[in-house]
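# Structural characterization, general
So you can see what is in the structure, the chains are spelled out below.
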Amino acid sequence: MIAVSAERFDELLDQALADLPAWVIARMDNVVVEAAPWPTRSQQQRARRAGLLLGLYEGVPLSRRGRGYHLAPPDRITLFSMALQYISDDEPDLVRHIQRTVAHEIGHHFGMSEQELHDAGV
């Protein structure tokens, strides 16, 4: 387990987002990426899985948005900083976990299922 300040975690998250390929950033639409220490009870329930939750996508995936999608609040990708720190041995390991979790949740934003993400190695 590693411990970093909330400010340092935000810096690492910002760097992970900045390091995304340009085509990924260009395709993301109406989505906010943020960090929280732990999931809320309702987030944990929405994830429909037991155990440690590293991140969560909440919203309407790009693949399901139709012409009626407008004036919608932003989708939300939340990374859970304490869970990610808990599974990390050091800061480089934390960076890898953040990058992988960001990629996984963006995959959901693009409309990929858990199985598709697993098959893609994300």
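Our subject is the structure that appears above.
Keep in mind that this is a model prediction, so the values were computed, not measured. (Residues numbered from 1 in each chain as written. Predicted model: local features only at pLDDT ≥ 70, side-chain atom pairs only at ≥ 80, totals over all residues. Heavy atoms only, no water.)

### Considerations on helix α1 (residues 6-18)
Its 13 residues place the ends of α1 18 Å apart at the C-alpha level, agreeing with the 18 Å of an ideal helix rising 1.5 Å per residue. Within the sequence span of α1, burial applies to F9, L12, L13, A16 and L17. Viewed end-on, α1 has its buried residues packed into an arc of 140°, placing them on one side of the element. Facing away from the buried surface of α1 by more than 90 degrees, the exposed residues are E7 and A18. Those residues of α1 that are buried are in contact with α2 (22-27), β1 (31-36), β3 (75-80), α4 (81-86) and α5 (91-110). (Helix = DSSP H or I, 4+ residues; strand = E, 2+ residues; numbered from the N terminus. Expected span 1.5 Å × (residues − 1). Buried < 20%, exposed > 50% of the residue type's maximum accessible area, 1.4 Å probe, protein only. Arc of directions from axis to C-beta. Contact = heavy atoms within 4.5 Å.)

### Here we look at the side chain of T78
Within the secondary structure layout, T78 lies in strand β3. A polar atom in the side chain of T78 sits 3.5 Å from the side chain of E34. For T78, the contacting residues outside a window of four places in its chain are E34, A35, A36, Q43, L54, G55, L56 and E58. (Polar contact = N/O pair within 3.5 Å; in protein donor to acceptor, adjacent residues only side chain to side chain.)

### Quick look at the pattern of salt bridges
On inspection of all chains with the given rule, the structure shows seven salt bridges. The partner of R8 in a salt bridge is E91, and the shortest N-O contact between them spans 2.4 Å. Of this pair, R8 sits in helix α1 while E91 sits in helix α5, and the two are 83 residues apart along the sequence. Residue R8 is classed as partly exposed on the basis of its relative accessible area, which comes to 29%. A residue is classified by how much of its surface remains accessible, and E91, at 27% relative accessible area, is partly exposed. One salt bridge in this structure joins D93 and R96, with 3.5 Å as the shortest N-O distance. Pair noted here: D93 and R96 are both in helix α5, with a separation of three residues, about one helical turn. (Salt bridge = Lys/Arg side-chain N within 4 Å of Asp/Glu carboxyl O.)

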